[in-house]
Amino acid sequence: MIVMTTTFDQLGLSQPVLQALDMKGYDEPTPIQAQPIPPVLDGRDLHGIAQTGTGKTAAFMLPSIDRLRAADNRTPFKSCRMLVLAPTRELAGQIAQSARDYGALAGLKVHSIVGGTSVNKDRNKLHRGTDILVATPGRLLDLIDQKAFRLDGVEILVLDEADQMLDLGFIHALRKISQLVPGDRQTLFFSATMPRAIRDLVGQYCHDPVHVSVTPAATTAERVEQFLLMVQQDEKIALLQMILSGRYDTPGRLERVLVFTRTKYGADKVVKKLGQKGISANAIHGNKSQPQRQRALSEFKSAKVPVLVATDVAARGIDIPGVSHVINYELPNVPEQYVHRIGRTARAGKDGIAIAFCAEDERSYLKDIRKVTDAEFNRLPLPENFRAVVEGVGPTKPAPKQQRGRAKVTPKHGGRGRPGDNRQGKPRGKPKRKHPNRAGKPRHDGSSSPGNNGGSQRRRRRHRHG
Ligand code: AMP
């Protein structure tokens, strides 16, 4: 993740900020930090293309803290000097925490306001104004409509994950906010992807911005190994249960598994069905209260409940170290979402594994994902006798005794090795379509692949890599 060309103290940051970074234990700036910090310190607008996990929060927060300190304006009554807009409550919370950490020695007031909490409390806490406000657009407009907050004090405006804000339908809120902030403010604009709508917005919000991109738009995270399981819609839950309970030889060791569904209802249903098989999981989505979301996240982080079922909205921007697997239980209908989803793993320089379940009616989504991201999928076989298991009329062929359950997700995994060669998976039926031989393309480590029982099967599977 980090290309070491510069150090933080070469970027022109102040001593209090450098000391705070020292306290955080950051040695070198990441690329999204090294490039924009000097021009942002000079007051330039910025458009950055970067995903969460690249260090972009510090990229906008560090120079902004220094600019606020240097200008030394009074904290405005019922307003703020720096406004950061974020699409989700979790991301807003994370940014506010980073602002407090990075500005620990700068003496600036930081507040965050998000939906799902008491609006009266927000009104009270913002009455005297704040230096830095991190907000989700809906709650901010609520307070503005109630005349409890104004935007005329804003010196720096940050739009974080702007593409996600558009996806969530915040465009009208953003337009309204843009009319209320002073015209001479500095704007720092971040998106993970660069669709036309974002290009247009950048044109409206930014004046002659510096452009920085650390990942080409919509390019799939390179360190993520991607796998594909073609499975019928009504078989998906059984397959997920088998994977999570260690009855399917999954690539990589399962530590923390993030499962994506398209809908809130779908996420709840998956949690319930897993629970029926004794696999505990939490759901995180927009219908959950803030305390429920926080509990789900902390139980996931501590690996007390290492399976989290999420919708796109809720998972966007969440910074969770140690997600070993992302399972796309349902494929997203917007290909860029696939990039965001699998970007939850392989963070902070680690490798990650993404497994996509694709049903017949999702083939067009898969095609779009391939087209937009250039994703290389390694096709995995379904378990032997899988249909019989789904219908409850027969067991799968069990894994050899000493291997069984090794990939199982348990709160205390105990650091055992990767699941071995248990040969329970075997391609089902004939492939519908022959694919060109993709030998030489990245594949997962054959030593632990499902159904990896030697040369003949390996040859057969080579033709199945989609
Ligand atoms: P972000 O993309 O801003 O959410 O940051 C992702 C993670 O990287 C966070 O946990 C940060 O604390 C961490 N991070 C950000 N910048 C650095 C850095 N220069 N060195 C080490 N860790 C960093």
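Residues numbered from 1 in each chain as written. Predicted model: local features only at pLDDT ≥ 70, side-chain atom pairs only at ≥ 80, totals over all residues. Heavy atoms only, no water.

**Comments concerning the overall build of the protein**
When helices and strands are counted, the protein shows 18 helices and 14 strands. Taken over 466 residues, the protein has a buried fraction of 55%. Taking the contacts inside the protein whose residues are at least 6 apart along the sequence as the reference set, 77% of them involve residues at least 24 apart. When the accessible surface of the protein is totalled, it reaches about 20100 Å², and 47% of it is carbon and sulfur. (Helix = DSSP H or I, 4+ residues; strand = E, 2+ residues; numbered from the N terminus. Buried < 20%, exposed > 50% of the residue type's maximum accessible area, 1.4 Å probe, protein only. Contact = heavy atoms within 4.5 Å. Areas by Shrake-Rupley, 256 points an atom, 1.4 Å probe, with all protein chains shown as cover.)

**Description of the sheet that holds strand S2 (residues 80–85)**
If you trace the seven strands from one edge of the open sheet to the other, you get S3-S4-S2-S5-S6-S1-S7, paired in parallel fashion. In the strand order of this sheet, the two ends are held by strand S3 (110–113) and strand S7 (210–213), each with one partner. When strand polarity is set aside, the average angle formed by the axes of neighbouring strands in this sheet is 15 degrees. Relative to strand S4 (residues 130–135), S3 runs parallel, the two sharing four bridges. (Pairing = 2+ DSSP bridges. Axes fitted to C-alpha atoms, helices over the stretch in contact; angles between N-to-C directions.)

**A few points about the pattern of salt bridges**
Here the structure, examined in full by the defined rule, presents 22 salt bridges. Among the ionic pairs, glutamate 235 bridges to arginine 387, the shortest N-O distance being 3.0 Å. Linking glutamate 235 in the loop between strand S8 (224–230) and helix H11 (236–244) with arginine 387 in helix H17 (residues 386–390), this pair joins segments that are 152 residues apart in sequence. Arginine 295 is paired through a salt bridge with glutamate 299; the nearest N and O atoms lie 3.7 Å apart. With arginine 295 and glutamate 299 both in helix H13 (residues 290–301), this residue pair falls four residues apart, about one helical turn. (Salt bridge = Lys/Arg side-chain N within 4 Å of Asp/Glu carboxyl O.)

**Describing the site of the ligand**
Close to the ligand lie 12 residues; Tyr26, Gln33, Gly53, Gly55 and Thr57 are nearest. Within the side chain of tyrosine 26, an N or O atom sits 2.5 Å from an oxygen atom of the ligand. With respect to the ligand, the backbone of lysine 56 contributes an N or O atom lying 3.4 Å from an oxygen atom. Contact with the protein chains removes 78% of the 490 Å² of surface that the ligand exposes when unbound. The residue makeup of the shell around the ligand, split by class, is two nonpolar, seven polar and three charged. (Near = heavy atom within 4 Å. Polar contact = N/O pair within 3.5 Å; in protein donor to acceptor, adjacent residues only side chain to side chain. Nonpolar A, V, L, I, M, F, W, Y, C, P; charged D, E, K, R; others polar.)

**Notes on the sheet that holds strand S12 (residues 325–328)**
Sheet architecture is open: seven strands sit in the order S10-S11-S9-S12-S13-S8-S14, paired in parallel fashion. Whereas interior strands pair on both sides, the edge strands pair on one side only; in this sheet they are strand S10 (282–284) and strand S14 (377–379). This sheet shows a mean twist of 25 degrees between the axes of neighbouring strands, independent of strand direction. With three bridges connecting them, S8 and S14 associate as parallel partners. Note that in S14 the partner of glutamine 226 across the bridge is phenylalanine 377.

**Observations regarding the confidence of the model for the protein**
Low-confidence regions, as indicated by low pLDDT, have predicted coordinates that should not be scrutinised in detail. Predicted confidence across the protein gives a mean pLDDT of 81, with 79% of residues reaching 70 or more. Contacts of residues 396–407 to residues separated by more than four positions or lying in other chains number 27 contacts, the stretch itself having pLDDT below 50. With pLDDT under 50 throughout, residues 411–466 is counted as low confidence; its partners more than four residues away or in other chains account for 118 contacts. (pLDDT = per-residue confidence, 0-100.)

**Thoughts on the pairing of S8**
Counted residue by residue, S8 has six buried out of seven residues, so it is predominantly covered. Across seven bridges, S8 lies against strand S13 (residues 352–358) in parallel orientation. In the strand pairing of S13, leucine 228 is matched with alanine 356.

**Let's talk about the side chain of asparagine 282**
Mapped onto the secondary structure, asparagine 282 falls in strand S10. A relative accessible area of 15% means that asparagine 282 is categorised as buried. Aside from chain neighbours lying at most four places away, what touches asparagine 282 is Val271, Arg295, Ala296, Glu299, Val305, Val307, Leu308 and Val309.

**Focus: the nonpolar core**
Formed by 40 residues in total, the largest nonpolar core has its most connected members in Leu13, Phe60, Met61, Leu62, Met82 and Ile132. Isoleucine 132 has contacts with Met61, Ile65, Leu68, Met82, Ala99, Leu108, Lys109, Val110 and His111, leaving out every residue within four places of it along the chain. Leu141, Leu143, Leu159 and Val202 belong to the second-largest nonpolar core, a separate cluster that totals 33 residues. (Core = buried A, V, L, I, M, F, W, Y, C linked by side-chain atoms within 4.5 Å.)

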